Amino acid sequence: YALEGKRVVATKDYKKAHHCRNQRVAFDEIGVVIISTIFTAVNLDPESEGLPSVFETTVFGGNFDQSQERYVSWDEAELGHQRMLSRVKNLNFRE
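Residues numbered from 1 in each chain as written. Predicted model: local features only at pLDDT ≥ 70, side-chain atom pairs only at ≥ 80, totals over all residues. Heavy atoms only, no water.

(A) How the structure looks around the pairing of strand β3 (residues 23–30). Sheet topology places β3 next to strand β4 (residues 33–39); seven bridges connect them, and they run antiparallel. Counted as the bridge partner of Phe 27 is Ser 36 from β4. Between β3 and β4, which follow one another and run antiparallel, lie two residues, and Gly 31 among them has a positive phi close to 60°. (Pairing = 2+ DSSP bridges. Helix = DSSP H or I, 4+ residues; strand = E, 2+ residues; numbered from the N terminus.)

Structure, rendered in structure tokens:
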């Protein structure tokens, strides 16, 4: 898969897909915690019958370390990143 702007397109062109791989959608640091959302260029849920899950949010550090969520569109990935960011912030402020 590749990106044309923020739109996911199927491609057999390895160079095009590789060029788009790991493209950052969003990135935040809260203390020692990093929240990163990227376009992966591969379907992370190949058993699914729906659209390909080609975006992923991962948390590094803190109580949510290695938590992941996956999405099928750029817009979903942006919203999912914000939800994860809120979750991490809310937990950090309660501690």
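(B) Geometry of the sheet that holds β3. Strand order in the open sheet formed by four strands is β3-β4-β5-β6, with antiparallel pairing between adjacent strands. The open sheet has two free edges, formed respectively by β3 and β6 (68–71), since each of these has just one partner strand. Taking each pair of neighbouring strands and ignoring which way they run, the sheet shows an average axis angle of 10°. Sheet analysis places β4 next to strand β5 (residues 55–60), joined by six bridges and oriented antiparallel. In the sheet register, Ile 38 faces β5, and the bridge partner there is Glu 56. (Axes fitted to C-alpha atoms, helices over the stretch in contact; angles between N-to-C directions.)

(C) Just the confidence of the model for the chain, in detail. Overall, the predicted model of the chain reaches an average pLDDT of 91, with 96% of residues at or above 70. Ranking the elements of the chain by mean pLDDT puts helix α1 (residues 14–20) last with 81 and β5 first with 98. (pLDDT = per-residue confidence, 0-100.)

(D) How the structure looks around the nonpolar core. Grouped together as the largest cluster of nonpolar side chains are twelve residues: Ala 2, Leu 3, Val 9, Cys 20, Val 25, Phe 39, Ala 41, Val 54, Phe 55, Tyr 71, Trp 74 and Ala 77. Residues in contact with Tyr 71, not counting those within four places in the same chain, are Thr 37, Pro 52, Ser 53, Val 54, Phe 55, Glu 56, Thr 57, Glu 76, Ala 77, Gly 80, His 81 and Arg 83. Membership of the second largest hydrophobic core comes to seven residues, among which are Ile 30, Val 33, Ile 35 and Val 88. (Core = buried A, V, L, I, M, F, W, Y, C linked by side-chain atoms within 4.5 Å. Buried < 20%, exposed > 50% of the residue type's maximum accessible area, 1.4 Å probe, protein only. Contact = heavy atoms within 4.5 Å.)

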